[in-house]
Amino acid sequence: MLIVQKYGGTSLQDAGRVRTAARRITGLAQQGAQVVVVVSAQGDMTDKLIEKAAQLNRRGSAREMDAYLAAGEQMSAGLMTMAIGAFGYAAVSLTGGQAGIHTDGVHGNARILRVEPERIQKELAEGKVVVVAGFQGVDPEGDITTLGRGGSDTTAVALAAALHADRCQIFTDVDGVFDRDPRIYPDATRFGRIGYDKMLSLIENGAQVLHDRSVELARDHGIPIEVLSAFTGNPGTIVG
Ligand code: ASP
Ligand code: MG
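Reading the values: the criteria
Residues numbered from 1 in each chain as written. Chains lettered and ligands numbered in written order. Predicted model: local features only at pLDDT ≥ 70, side-chain atom pairs only at ≥ 80, totals over all residues. Heavy atoms only, no water. Phe/Tyr/Trp six-rings, centres within 6.5 Å; stacked < 30°, edge-to-face > 60°. Helix = DSSP H or I, 4+ residues; strand = E, 2+ residues; numbered from the N terminus. Lys NZ or Arg CZ within 6 Å of the ring centre and 35° of its normal. Buried < 20%, exposed > 50% of the residue type's maximum accessible area, 1.4 Å probe, protein only. Pairing = 2+ DSSP bridges.

Undergrad: Tell me what's going on with the packing of aromatic side chains, and back it up with residues and numbers.
TA: Tallied over the entire structure, the rule returns one aromatic pair. Plain terms: the ring middles of Y7 and F171 are 4.8 Å apart, the flat faces sit at 5° to each other, and that makes the pair stacked. Of this pair, Y7 sits in strand β1 (residues 2-7) while F171 sits in strand β9 (residues 167-172); the two residues are 164 residues apart in sequence, bridging distant segments of the chain. Residue placement shows R24 over the ring face of F171; its charged tip is 4.4 Å from the ring centre. Cation over ring: R180 sits above Y185, and NZ or CZ is 4.9 Å from the ring centre.

So, in structure tokens, the structure goes:
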């Protein structure tokens, strides 16, 4: 059983939340699953980093912004790997480039061209949990790229496809996909299952629960995405 799990910023906001996720991950590893974890930057780190950069240069180069913003996800990957280690499990963190995610050179909104999963497979074969920094890849020049805001979802689906994962789970701060934002409308209703095209039209109408390219990629590869809460243990939504 190979599982890809992605944790978003709110699910990693502080040490307690990283530990909660690490406990779930090591539980799966203990049951014999191979686990690949994709992490976003903690909390609203990416927004904060963008603000900081703007204090110095409002029109900084897109290449430099990518190298800089990708660090948010890399810090999360390091912290998650250490949290898993504290539970006595072997884990290794990888940048997007180390994980074999090759993109075009469109800085700030790069597209994944191909995934070379050999390094991940080698680490899994050695019994490690593999923690991949989301939202990033490497372009043909060898430069760091980012996949657009919310792009860690796309990292997770691309890895699930390349690794032929049995499951692709996206952990978030709500219990799945709703007809309206449940953080604003308490009477919003949750979809138990939703098709790819319906999901894409929700995103077009402003839903932020998934990155649009992650849904397109899942549709193209026939991969069901499970969207579920990192906090409640409630059933989520199957997209696909
Ligand atoms: N940290 C990035 C963002 O805030 C990517 C992600 O969370 O998926 O957009
Ligand atoms: Mg998101």
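Undergrad: For the pairing of strand β11 (residues 225-229), give the residues involved together with the corresponding values.
TA: For β11, the tally of buried residues reaches five of five residues, placing the bulk of the element in the interior. Burial along β11 is two-sided: the residues I225, V227 and S229 and E226 and L228 are all buried. The pairing of β9 with β11 spans four bridges and is classified as parallel. Pairing of I170 across the sheet is with V227, part of β11. Judged from the three bridges that link them, β11 and strand β12 (residues 237-239) form a sheet pairing that is antiparallel. Paired with I225 across the strands is V239, a residue of β12.

Geometry only, nothing functional implied.
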